[in-house]
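# Descriptive analysis of the structure
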Amino acid sequence: MRNKGFIMFIATLVTLLSIYNLSFTWMSNRVQSKAETHATNQNGIVDYQKKQAYLDSVWKEPVVDLGFVDFTYEEIKNKELTKGLDLQGGMHVTLEVSQKEIIEALASNNINDAFENALIQADRLTKENRKSFSQNFFQSLTDQDDILLASYFANSTNKDKITLSSNNSAVINYVNQEIDGAVESAFEIIRTRIDKFGVTQPNIQRIKGTNKITMELPGVNNPERVRNLVQGMAKLEFVEVWDLNDAFPHLQKIENEWVKHQKVTNKKVISGHPEKQLFIDEVEPITQNEENERPSSALMKTLSPYSLIYALSDTADVNKLLNNKNLMSIIPSNMKFAWGHKSFNKVEGIECIELFIIKKGHEAKITGDYIADAEQKYNQKNQAVVSMVMNNEGTKKWKKMTSENYGNRVAIVLDNEVYTAPTVQAVIDGGRSEISGDFDVEEAKDLANVLKAGKLPAPTHIIEEVVVGPSLGDIAQADGIQSVVIGLSLVLLFMTLYYAKGGWIANAALGLNILLIFGILAELGAVLTLPGIAGIVLTIGMSIDANVLIFERIREEQKKGSSFLESVSKGYNSAFRTILDANVTTLFTGFFLYTFGIGPIKGFAVTLIIGIICSFFTAVFVTRLIITYFIKKKGQQLQLNFETKLSRLFFNRVNFDFLKKRKMAYFISSIVIVAGLSSLAIKGLNKGVDFTGGRTYVVSFNDKVIPSALESSLSDFVDGKSLEVKTYGDDKTLKITTSYLIEDETTESDDQVKKAIIDGVESFTGQKYADEEDPTSDTFVIPSQSKVGASMADDISISAQKGVLFSLVSIFIYIWLRFRNASFGIGAVAALIHDTLIVFSIFGIANLLGFGFEMDQVFIAAVLTVIGYSINDTVVVFDRIREEDSKKQKTNSYYNRINTAINGTLNRTIITSITTLMVVLVLLIFGGDALRTFAFTLCVGVLAGTYSSIFIAAPIVFDISKKKIKKALATA
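Residues numbered from 1 in each chain as written. Predicted model: local features only at pLDDT ≥ 70, side-chain atom pairs only at ≥ 80, totals over all residues. Heavy atoms only, no water.

Let us look at the overall build of the protein chain. Scanning the protein chain from N- to C-terminus turns up 30 helices and 25 strands. The 972 residues of the protein chain split such that 53% are buried. In the protein chain, of all internal contacts separated by at least 6 residues, the share reaching a separation of at least 24 is 72%. A total accessible area of about 44400 Å² is found for the protein chain, and carbon and sulfur atoms account for 54% of it. (Helix = DSSP H or I, 4+ residues; strand = E, 2+ residues; numbered from the N terminus. Buried < 20%, exposed > 50% of the residue type's maximum accessible area, 1.4 Å probe, protein only. Contact = heavy atoms within 4.5 Å. Areas by Shrake-Rupley, 256 points an atom, 1.4 Å probe, with all protein chains shown as cover.)

Our next topic: helix α19 (residues 564-596). Taking 1.5 Å per residue, 33 residues should reach 48 Å; α19 reaches 47 Å between its end C-alpha atoms and fits that length. By the largest-angle criterion, F576 marks the main kink of α19, which is about 35°. (Expected span 1.5 Å × (residues − 1). Bend = angle between axes of the 7 residues up to and from the residue.)

With that settled, the discussion passes to the environment of I898. Counting through the fold element by element, I898 comes out in helix α29 (residues 894-926). Of the residues examined, I898 reaches a relative accessible area of 0% and is grouped as buried. A C-alpha to C-alpha distance of 7.9 Å links I898 and E884, two positions 14 residues apart in sequence. Non-local contacts of I898, meaning those with residues more than four positions away in its chain, are made with L659, I881, A954 and F958.

For the rest of this paragraph, the subject is the packing of helix α28 (residues 857-886) against α29. Close contact between α28 and α29 brings their axes to 8 Å; oriented N to C, the two are set at 145°. The way α28 lies across α29 gives a crossing that is right-handed. Looking at the contact of α28 with α29 residue by residue, the class counts come to 8 nonpolar, 8 polar and 6 charged. (Axes fitted to C-alpha atoms, helices over the stretch in contact; angles between N-to-C directions. Left-handed = near helix turned anticlockwise from the far one by under 90°. Nonpolar A, V, L, I, M, F, W, Y, C, P; charged D, E, K, R; others polar.)

This model, assessed by the stated rule, comprises 21 salt bridges. One salt bridge in this structure joins K77 and E80, with 2.8 Å as the shortest N-O distance. Pair check on accessibility: K77 and E80 agree, each one buried. The structure contains a network of salt bridges with shared partners spanning R577, D581, D879 and R882. (Salt bridge = Lys/Arg side-chain N within 4 Å of Asp/Glu carboxyl O.)

Our next topic: the packing of aromatic side chains. Taken as a whole and assessed by the stated rule, the structure comprises 26 aromatic pairs. With a centroid separation of 5.8 Å and an interplanar angle of 40°, the aromatic rings of F701 and F780 are classed as tilted. Here F701, found in the loop between β21 (694-700) and α24 (707-714), pairs with F780, found in strand β25 (residues 779-788); they are 79 residues apart in sequence, far enough to count as distant. Here F701 falls in the buried class, since its relative accessible area comes to 4%. The structure contains a cluster of three or more aromatic residues connected by ring pairs, namely F115, F137, F138, Y152 and F153. (Phe/Tyr/Trp six-rings, centres within 6.5 Å; stacked < 30°, edge-to-face > 60°.)

Moving on, we come to the nonpolar core. Within the largest apolar cluster, 127 residues are counted, with the highest numbers of intra-cluster contacts made by I815, F878, I881 and F934. With 17 residues, the top contributor of residues to this core is helix α17 (residues 470-524). Non-local contacts of I881, meaning those with residues more than four positions away in its chain, are made with F824, Y894, I898, A901 and A954. A114, L119, I179 and I371 belong to the second largest nonpolar core, which has 72 residues in total. (Core = buried A, V, L, I, M, F, W, Y, C linked by side-chain atoms within 4.5 Å.)

Take the side chain of T585 next. Its place among the elements puts T585 in helix α19. Setting aside residues no more than four positions away along its own chain, T585 makes contact with I811, Y814, I815, I871 and V875.

This next bit is on unusual backbone geometry. Positive phi, close to 55°, is recorded for A500, a residue that is not glycine. Here A500 is to be found in helix α17.

So, about the side chain of E465. With respect to the helices and strands, the residue E465 is situated in strand β19 (residues 460-468). Its relative accessible area of 3% is what places E465 among the buried residues. Here R227 takes part through its side chain, which lies 2.7 Å from a polar atom of the side chain of E465. (Polar contact = N/O pair within 3.5 Å; in protein donor to acceptor, adjacent residues only side chain to side chain.)

Turning to the pairing of strand β14 (residues 371-378), a few remarks are in order. Sheet topology places β14 next to strand β15 (residues 384-390); 7 bridges connect them, and they run antiparallel. By the bridge assignment, D373 is partnered in β15 with V389. Hairpin connection between β14 and β15: a loop of 5 residues separates the two successive antiparallel strands, and N382 in this loop has a positive phi of roughly 65°. (Pairing = 2+ DSSP bridges.)

What follows covers the confidence of the model for the protein chain. In the predicted model, the protein chain carries a mean pLDDT of 78, and 87% of its residues have values of at least 70. The lowest-confidence element of the protein chain is helix α12 (residues 288-291), averaging 38 in pLDDT; the highest-confidence one is helix α22 (residues 662-683), averaging 89. Every residue in residues 263-303 is under pLDDT 50, and counting partners more than four places away or in other chains gives 96 contacts. (pLDDT = per-residue confidence, 0-100.)

Nonpolar side chains collect at one region of the surface, where L805, F806, V809, I813 and L817 lie side by side and expose about 470 Å² of accessible area between them. Residue placement: I813 occurs in helix α26 (residues 790-819). The exposure class of I813 is partly exposed, given its relative accessible area of 40%. (Patch = residues over 30% accessible without salt bridge, like charges linked within 9 Å, V, L, I, M, F, W, Y side chains within 5 Å.)

The topology assignment puts T589 in helix α19. Each C-alpha atom, one on T589 and one on Y869, is 9.3 Å from the other, the two residues being 280 residues apart in sequence. When near neighbours in sequence (up to four residues on either side) are disregarded, T589 contacts S807, I811, L864, I867 and G868.

The next thing to look at is the environment of I860. With respect to the secondary-structure elements, I860 resides in helix α28. On the accessibility criterion, I860 (11% relative accessible area) is buried. For the pair formed by I860 and G803, sequence separation is 57 residues and the distance between their alpha carbons is 8.7 Å. Residues within four places of I860 in sequence aside, it is in contact with F691 and A800.

Take the pairing of strand β4 (residues 90-97) next. Of all 8 residues that make up β4, 7 are buried, and the element is covered over most of its length. Summarising the sheet, β4 and strand β6 (residues 212-218) pair through 7 bridges and their orientation is antiparallel. The partner of V93 across the bridge, within β6, is M215. Here β4 runs beside β19; their pairing, made up of 8 bridges, is antiparallel. Each bridged residue has a counterpart across the sheet, and for L95 the counterpart in β19 is I462.

A word on helix α10 (residues 223-231). Most of α10 is tucked away, with 7 of its 9 residues classed as buried. Looking only at α10, the buried set comprises P223, R225, V226, R227, L229, V230 and Q231.

Before going further, it helps to spend a moment on the packing of helix α5 (residues 99-107) against helix α9 (residues 168-195). The relative placement of two packed helices comes down to the angle between their axes together with the axis-to-axis distance. Put simply, α5 and α9 touch, their axes get as near as 10 Å, and they point 125° apart. It follows from the interaxial angle that α5 and α9 lie oblique. When the axes of α5 and α9 are compared, the crossing they make is right-handed. Contacts from Q99, I102, I103 and L106 in α5 reach Y174, V175, E178, I179 and A182 in α9. (Parallel < 35°, antiparallel > 145°, perpendicular 65-115°, else oblique.)

Rendered as structure tokens:
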């Protein structure tokens, strides 16, 4: 063996680095174990907020002292193997930066009816096709308006880039560049906000080529804070407030027009001054009995000379009026309405909210651009506030504004909500101001953080969201670890029973392989997810394949009479090319999984790629190093055993005519595929929310709940929209999925759907919703929830199709070039298509029989993994065919050579399938509900891949070659 010293050095170095990297994970687990013990009550229930509080308290404190160096918890946490949200809880968010608002801002005041119609059409078309909003907008605008686009976008702010004579192409390029710049700016601002939020190891990325930003925030236990943080534009304005006495005549005009057109009568108000009431024709206190009988009208009274107060339940009606362009055209151009930031209980227990009338100019006199610093402080009443310091220019403007409004109110408006509207009691010349608003400390800190990070260039919308509670993460983590341990144990046992001492060497290499995988993941800062653990379990099965190939080659050479040393050398040399080809083709699928995958699928792809590389290194080089060491240490007389009684009995001297049965195999496959596709035609694919869009809630109860009964009861609460309820892990945990309001991706609709689910569950079970689990009370919790918007579902669907297509094409090209024969490429791809169709067919049949497997992103990852596994098998057979061809035995026909190749690799094919099936079955049984579909798909795929490499791939190569040979003979 060449370069033994170098291989020894690399193996030792990587092993030591892996141990070092993983030591931080061990340290972190010790600290977290202490925190959990601290937060566990007498009933054994973990208070996760108390646990987090403990961890926060030691964040900057030394928690490990090694004598010569100590580490704080922060340092350890930043170096540990990062666990995904599905293993520790947290929040995954995909944001979309609104192109519509960017385009409107670039057009400034040059907006007409054609422009607005194009915006509306673009919004509709973007939901129907795969084009971007800007593409649809410009297409819609040019279709209805022949004038140059420059007439809309040429203005004083971009005069150096666009003029009135610029052609349409130049304008479109300019707008797209501005959109891309705005998205990049939004990404940097959001990243700054999250960095100051206090999340450990956040993962924030911009999805290239799109206006989307994705982030994973482990350990987050307050999703509402995150939503506010990433969606708030931070558009800060200091504006003057109208006196209601001055505004009253204009309000009365609106009132008269509203009554005239809507003919609303018998409206009721809380109490107040009728001469200053808006939309009022009767002043009368509301009683509790009348509350449910009153018509939809605005409840309000004069709160002060500067604002109105409404019942919170009536804000939707008021907003309809405020959004009515005809009514709003009656008021002066400098009058604008803005709601207060928070509601409050004001009259008779009714939750109310203020409506301010502020003075609107072309631009606010002072904006957030003038803020130099902001921080959370406490005022004289010990209330949390945000203190702001302005820059020099802002200080001058603030002094002028306060001097001009002495005795009047100035509103501090953030994202069109009034946080505070204090009366100016003195001229402020220090450039300092304060925002109050009944904040708690966290809200004040977040607001200060947002103001310091800066204003977003456009609104952002959450189009995908996953929230995983820590308790659910703990369960998934336990299931994953259990799967790894059981799967690994079975493989170790089998290899020892089948290959004796050779099996021990393979097991040692496998153990090193797993250590390297975890160590490299920690070094790269990669995230270990539940699908990632599945990838490791799968790697355990697949990494044995290389050892099996080598050991079977060594056994073949020994049977030919070669010495032990010569058999080892020939065995490794003969197997190397096959192992390389098999690993390269599998790497293709891992690469495309990573390229097109989203969220946890990327984690699976990273783990799979690292696993393939590590298994190649350990199986090909490390095992040979160990065997060489034993030979040199003990002498060549030592015969390392590579077989036992079991392996001597298993598939030895098989000489089956596989090609003769190829037509029967084609027929059987056709029957299964036709039956499966027919079942899909009858029932359709059971698509998950990843492909249809929707919201999913995992609901945990203290007692058993029947899914079908709850589903029937919930239907009325979601307006009869698509709804599915099924068990998730055990009969006390249910997974509820609905498409209710999926077209509306706003936070308000998220709250509305969740409230509908909670109301429906409470109505059916009689139990109350709680934020935390409590086995002693009659409550239920929602430890996990997710949302996939319709646009995101389309992206996932397209990405899945691309992943499968690119994998097939790349494998075809590689096989074609590697074997220098297109028939091999065709045979390989035909077998892969066969395996994919078999998976979908069995998937359809299983669902028709009521098993309810769901097609989601993880299912697509499984399909691509099946492609990688199947090509692995096929390459081994093809390589043996190539070897048989190279012998050029004229007496042996091509028919016989292919049969000889299949029989020669049958032992390896079956053994690899057995070891892989072992770990996949472990995943199916012990991997938990989250990996049930993945494991089932792999089980089918492993069987289909083994079958196709024997009965489909090689026979197709023969049939194609046979036709070529006949054609050549006919033309000779």
